[in-house]
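Notes for the structure review
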Amino acid sequence: MSWEVSERKIRAYLLNINHRVGGPKARFFLARGFAEGAWQVLDEALRRHPVDNPIESEEQTNYGLKVVVRCQIQTPDGRLSSPSRESSAPRIDPSKSFC
């Protein structure tokens with residue numbers, strides 16, 4: 001299984017300090033070296049997050065699958081940091097065709 005995080009969610013929500021809900025998350029990620037201009041770095045870190053660490057719970061919401069992973073994430077500034085413990089990302093099953 002792999003995970004997918006949309007570019008739109010990363011740029012407009014997770015790295016946007018002006019977003020009403022995502023602003024605190026953006027400040028967290030930007031302070032640790034992630035950048036809107038290099039959003040792919042956060043994309044890769046978020047994809048690795050549930051692969052490298054145990055998933056505590058999953059819940060289907062109106063926005064997609066909410067996954068709770070309790071752990072730390074490697075950041076561009078070299079720190080291991082604890083981001084928000086809940087993230088929403090669709091799981092991609094490679095055995096299914098998306099054509």
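Provided above is the structure to which this section pertains.
Residues numbered from 1 in each chain as written. Predicted model: local features only at pLDDT ≥ 70, side-chain atom pairs only at ≥ 80, totals over all residues. Heavy atoms only, no water.

Scanning the entire structure with this criterion turns up three salt bridges. We note a salt bridge from Arg11 to Glu7, for which the minimum N-O separation is 2.8 Å. Residue Arg11 and its partner Glu7 are located together in helix α1 (residues 7-14), separated by four residues, close to a single helical turn. By relative accessible area, Glu7 is classed as partly exposed at 36%. Note that Arg11 is salt-bridged to Glu36, the shortest N-O span being 2.5 Å. A residue pair is termed long-range when its members are at least 10 positions apart, and Arg11 in helix α1 and Glu36 in the loop between α2 (23-31) and α3 (39-52) qualify at 25 residues. For Arg11, a relative accessible area of 31% gives the class partly exposed. Of the residues examined, Glu36 reaches a relative accessible area of 33% and is grouped as partly exposed. (Salt bridge = Lys/Arg side-chain N within 4 Å of Asp/Glu carboxyl O. Helix = DSSP H or I, 4+ residues; strand = E, 2+ residues; numbered from the N terminus. Buried < 20%, exposed > 50% of the residue type's maximum accessible area, 1.4 Å probe, protein only.)

On to the nonpolar core. Counting residues in each nonpolar core, the largest one holds 12 residues, listed as Val5, Ile10, Leu14, Leu15, Phe28, Phe29, Phe34, Trp39, Leu42, Ala45, Leu46 and Ile73. Elements with a contribution of two residues or more to this core: α1, α2 and α3. With four residues, α3 is the single largest residue contributor to this core. If you look at the next biggest cluster of nonpolar residues, it comprises five residues, including Trp3, Leu65, Val69 and Cys71. (Core = buried A, V, L, I, M, F, W, Y, C linked by side-chain atoms within 4.5 Å.)

This paragraph deals with the pairing of strand β3 (residues 64-69). With six bridges joining them, strand β2 (residues 55-61) and β3 adopt antiparallel strand pairing. If you follow Ile55 over to β3, its bridge partner there is Val69. Between β2 and β3, which follow one another and run antiparallel, lie two residues. (Pairing = 2+ DSSP bridges.)

For the coordinates displayed, the defined rule picks out two aromatic pairs. Geometrically, the ring pair formed by Phe28 and Phe29 is edge-to-face, given 5.3 Å between the ring centres and 80° between the ring planes. The pair Phe28 / Phe29 is uniform in exposure class, with both members buried. Where Phe29 meets Phe34, the ring centres are 5.6 Å apart and the plane angle is 85°; that geometry is what we call edge-to-face. Assigned by exposure class, Phe29 and Phe34 land together as buried. (Phe/Tyr/Trp six-rings, centres within 6.5 Å; stacked < 30°, edge-to-face > 60°.)

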